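Residue-level listing of the chains:
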Amino acid sequence: MFEALRLDGKVIGEVWLHEPRGRLHHWHHHDEPEFNLVLRGHATYLLADRRYELHRHGLVWLFPRQEHMMVDLSEDLTMWIGVIRPTALRQVVADHAPYQGLLDADPPGAFCRLLAPGDAAFLDRVCRDITRGGDHVRQNAGMPYLFLTAWDRFQQSGAIDSTRLHPALLRATAALARNTAIAATALAKVSGVSRFHLARLFRSELGTTMLAWRSRARIEQAMGLRRARPDLEWTDIAETCGFGSYAQFQRTFSQVVGMTPRRWRSAKD
């Protein structure tokens, strides 16, 4: 799902401290290259066809054409997220070979590494300095430096093992994203494996069940509808997304997102 980031028109990029407290992260991608630096906690990152296990001092790069989503977030997960406009990054990088990788929209290979504690601490200080005081002039001056420095420290670090997701699982999650009402038997047929094998793949590679993933997909659909049509009532959205009642929708929404629909809407506004 493409997501247009709402960056302040005065800035070329932003960096912020993210504390999701276990809340839902949906499949998405955006035009801006992004990095995440984990300070505390842990999470599993699904990125295109790969899975990363993120822990303290983990640094991951996310590129414009790569769908990504975090699952299994710990309650104490705290991380820096940085994004920068491609045009601004391109002006700084130009034809400098060491940084050309930052301009790729969908590079092959794994882009998650574990930084040395000193490198992670240094990037943490840079992020805090850039965000101090809300000065967009300093922020615009600092963002290219932050991205180039993070890339340098990343290149000097050790790779984190990544696991390729089973192709059947990729087909199944894509099918559920397109049609959350698809039956389990039909989903298995689309994925190309038996229903039993598919259920086992969900448990072993995503740490969840098909039913829980379907609920997540329906909540993502509901959130997308509300973003696109703020005038729609939650009761209408719940019915459109296949929930038998608003009470069931509200209960599932709270379980998946970590807050009620009304509170989520207020937070987004």
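Keep in mind the model is a prediction, meaning the values are calculated, not measured.

Q: Help me understand the state of the cysteines, please; the structure alone is not making it clear to me.
A: Enumeration according to the criterion identifies 0 disulfides in this entry. Of all cysteine sulfurs in the structure, the one in Cys127 sits closest to Cys112, which takes part in no disulfide; the separation is 16 Å.

Q: Which parts of the structure should I look at to understand helix α9 (residues 246-257)?
A: One turn of an α-helix holds 3.6 residues; hence residues three or four places apart share an orientation. Counted at 1.5 Å a residue, the expected span for α9 with its 12 residues is 16 Å, and the 16 Å between its end C-alpha atoms agrees. Of all the positions in α9, only Phe249, Thr252, Phe253, Val256 and Val257 are classed as buried. Seen from one end, α9 has its buried residues packed into an arc of 105°, which puts them on one side. With its phi angle positive at about 95°, Gly258 sits one or two positions after the end of α9.

Q: Help me out: how do you make sense of the pairing of strand β2 (residues 34-40) in this one?
A: For β2, the tally of buried residues reaches 6 of 7 residues, placing the bulk of the element in the interior. Relative to strand β7 (residues 78-84), β2 is paired through 6 bridges, and the arrangement is antiparallel. Residue pairing for β7: Asn36 is matched across the bridge by Ile81.

Q: What am I meant to see in the environment of Trp16 here?
A: One can find Trp16 in strand β1 (residues 13-18). Setting aside chain neighbours within four positions, we find Trp16 in contact with Met79, Trp80, Ile81 and Val83.

Q: Teacher, can you tell me more about the pattern of salt bridges here?
A: A side chain of one charge can pair with a side chain of the opposite charge if their charged atoms are brought near each other. Counted by the stated rule, this structure contains 8 salt bridges. Between Asp129 and Arg132 there is a salt bridge, with its nearest N and O atoms 2.8 Å apart. For Arg132, a relative accessible area of 52% gives the class exposed. In this structure, the salt-bridge partner of Arg138 is Asp129, at a minimum N-O distance of 3.2 Å. Here the salt bridges share partners, and the residues they tie into one network are Asp129, Arg132 and Arg138.

Q: Explanation requested: the nonpolar core in the structure shown.
A: The nonpolar side chains of a soluble globular protein tend to be buried, and buried together. Membership of the largest hydrophobic core comes to 41 residues, with the highest contact counts inside it found for Phe35, Leu37, Trp61, Leu146 and Trp151. Secondary structure elements with two or more residues in this core: β2, β3 (43-47), β4 (50-54), β5 (58-62), β7, α1 (86-93), α2 (117-131) and α3 (136-155). Per-element tally for this core: the top contributor is α3, with 7 residues. Every residue in contact with Trp151, bar those within four places of it in the chain, is listed here: Trp61, Phe63, Pro98, Tyr99, Gly101, Leu102 and Phe111. Membership of the second largest hydrophobic core comes to 21 residues, among which are Met69, Ala199, Phe202 and Trp213.

Q: I'm lost on the environment of Pro230 in this one. Help?
A: Assignment of secondary structure puts Pro230 in the loop between α7 (210-228) and α8 (234-240). Note on Pro230: relative accessible area 52%, which makes it exposed. Along the primary structure Pro230 and Arg265 are separated by 35 residues, whereas in three dimensions their C-alpha atoms are 9.1 Å apart.

Q: Just checking my understanding: could you explain the packing of α7 against α9 for this structure?
A: For any two helices packed against each other, the geometry comes down to the angle between their axes and how far apart the axes lie. Look at α7 against α9: their axes get within 10 Å of each other, and the N-to-C directions meet at 100°. Taken together, the axes of α7 and α9 lie roughly perpendicular to each other. Together, Ser215, Arg216, Ile219, Ala222 and Met223 of α7 and Phe249, Thr252, Phe253, Val256 and Val257 of α9 make up the contact between the two elements. Its residues placed into classes, the contact of α7 with α9 shows 7 nonpolar, 2 polar and 1 charged.

The rules we used
Residues numbered from 1 in each chain as written. Predicted model: local features only at pLDDT ≥ 70, side-chain atom pairs only at ≥ 80, totals over all residues. Heavy atoms only, no water. Disulfide = S-S within 2.5 Å. Helix = DSSP H or I, 4+ residues; strand = E, 2+ residues; numbered from the N terminus. Expected span 1.5 Å × (residues − 1). Buried < 20%, exposed > 50% of the residue type's maximum accessible area, 1.4 Å probe, protein only. Arc of directions from axis to C-beta. Pairing = 2+ DSSP bridges. Contact = heavy atoms within 4.5 Å. Salt bridge = Lys/Arg side-chain N within 4 Å of Asp/Glu carboxyl O. Core = buried A, V, L, I, M, F, W, Y, C linked by side-chain atoms within 4.5 Å. Axes fitted to C-alpha atoms, helices over the stretch in contact; angles between N-to-C directions. Parallel < 35°, antiparallel > 145°, perpendicular 65-115°, else oblique. Nonpolar A, V, L, I, M, F, W, Y, C, P; charged D, E, K, R; others polar.

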